[in-house]
Amino acid sequence: MTRAILLIVTLFIALGTHAASNVPERSTVLAGVDEESMTARLSHSDLQPLEGIWQYPDEDMTVGIERYRGENGIQYRIVMLASRDIDLLPGTVIGYIAPSAVSNKYSLWIYSERHDTELQHPVECVATLNPQATSLTFEKAQWKVKIHVNVMRFLPTLFRGISVVPEKQKESIPIGFNKTFPAGNNGQPYNKIIYL
């Protein structure tokens, strides 16, 4: 019985943290990609709202989001362009994005572990693009597992003595990216304070 419970708990944890099979388990590094080359490439493209150069303030990182022809719905990849972490090379793919049935909601996979200079173990998050396409916020679903033991059960053939119930935890303030390129309608970078 204990072995069955451990197997069920492990399965729930694996389902909660395992990325989709179409997301590479390890990151890649795109040679010659930095902020300047990404800006030049995006300047000559018909950009989708997600595409551009974004600041990731929580990690002091600049990333680029570009179209990508992936499998099973992945349409964008997130590439690190600059970071205070000098061990990561510019051009490192740090995640992938796939659209959902809701126009401003996306499945976002971001690598959660690092082994030397290689990123691995992508974790799925839900990302939300604001209406102006100037911020992309995301958060990882938090789950906890409740094990319910009913020693004095009624109708034992209907109600099992032990049940495992996954429960989503309270949501926290999301983190995310702020767009810096392309510039806004006034020609200034998004989210830049203009002093008059």
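As a reminder, the structure under discussion sits directly above these lines.
Numbers given for residues are sequential positions, taken from 1 along each chain in its written order. Local features in a predicted model are, by the rule used here, given only for residues with pLDDT of at least 70; side-chain atom pairs are given and counted only at 80 or more, and totals for whole chains, interfaces and linings are based on all residues. Side-chain metrics in this entry use all non-hydrogen atoms of the structure; hydrogen atoms and water are not considered.

Student: Explain the packing of aromatic side chains here, please?
Tutor: Geometry of an aromatic ring pair is reported as the spacing of the ring centres plus the angle between the planes. Geometry of aromatic contacts follows a simple scheme: Phe, Tyr and Trp rings, the Trp one being its six-membered ring, pair when their centres are within 6.5 Å, and the pair is stacked under 30 degrees between planes, edge-to-face over 60, tilted otherwise. Using the criterion set out here, one finds four aromatic pairs in the structure. Between the aromatic rings of tyrosine 56 and phenylalanine 177, the centroid separation amounts to 5.0 Å while the plane-to-plane angle is 75°, which identifies the pairing as edge-to-face. One end of the pair, tyrosine 56, is in strand β1 (residues 52-56); the other, phenylalanine 177, is in strand β10 (residues 175-181), and 121 residues separate them in sequence. Accessibility expressed as a relative area gives 8% for tyrosine 56, which makes it buried. Working definition: with a 1.4 Å probe on protein chains only, accessible area under 20% of the residue-type maximum means buried, over 50% means exposed, and in between means partly exposed. Given a relative accessible area of 1%, phenylalanine 177 falls into the buried group. A run of H or I in DSSP becomes a helix once it reaches four residues, and a run of E becomes a strand once it reaches two; helices and strands are each numbered from the N terminus.

Student: Would you explain the pairing of strand β6 (residues 118-129) in this entry?
Tutor: Side-chain positions along a regular strand alternate between the two faces of the sheet. A pair of strands is labelled paired if DSSP reports no fewer than 2 bridges between them. Relative to β6, strand β5 (residues 105-115) is paired through 10 bridges, and the arrangement is antiparallel. If you follow glutamate 113 over to β6, its bridge partner there is glutamine 120. Between β5 and β6, which pair antiparallel and follow one another directly, the connecting turn spans two residues, one of which, aspartate 116, has a positive phi of 60°.

Student: Just checking my understanding: could you explain the environment of glycine 176 for this structure?
Tutor: Looking at the element boundaries, glycine 176 is found in strand β10. Under the relative-accessibility criterion, glycine 176 is labelled buried at 12%. Here, two residues are considered to be in contact whenever any of their heavy atoms come within 4.5 Å of each other. Filtering out sequence-adjacent residues up to four positions away, glycine 176 remains in contact with Gln55, Tyr56, Pro57, Asp58, Leu136, Thr137 and Phe138.

Student: What's the story with unusual backbone geometry in this structure? I'm lost.
Tutor: Across the chain, the bulk of peptide bonds are trans and the bulk of non-glycine residues have phi less than zero. Here the residue pair phenylalanine 181 and proline 182 is connected by a cis peptide bond, since its omega of 5° sits within 30 degrees of zero. On the secondary structure map, proline 182 appears in the segment after β10. One non-glycine residue with positive phi stands out, namely aspartate 60, at about 50°. Considering the arrangement of structural elements, one finds aspartate 60 in the loop between β1 and β2 (61-67). In this structure, histidine 121 takes a positive phi of about 60° despite not being glycine. Relative to the helices and strands, histidine 121 resides in strand β6.

Student: Quick question: what am I supposed to make of the pattern of salt bridges here?
Tutor: Pairs may arise between side chains of opposite charge once their charged atoms sit close together. By salt bridge we mean one thing: a side-chain nitrogen of Lys or Arg within 4 Å of a carboxyl oxygen of Asp or Glu. In the structure shown here, the tally under the stated rule is six salt bridges. The salt bridge involving arginine 41 is made with glutamate 66; its shortest N-O contact spans 3.1 Å. Remark: glutamate 66 occurs in strand β2 and arginine 41 occurs in helix α2 (residues 35-43); sequence separation between them is 25 residues. Residue arginine 41 is classed as partly exposed on the basis of its relative accessible area, which comes to 39%. For the salt bridge of aspartate 85 with arginine 114, the shortest nitrogen-to-oxygen distance reads 2.2 Å.

Student: I tried to follow the side chain of serine 27 on my own but got confused; where do I start?
Tutor: Looking at the secondary structure, you find serine 27 in the loop between α1 (2-17) and α2. For serine 27, the residues in contact, after removing those within four places along its chain, are Thr92, Val93, Tyr111, Glu118 and Leu119.

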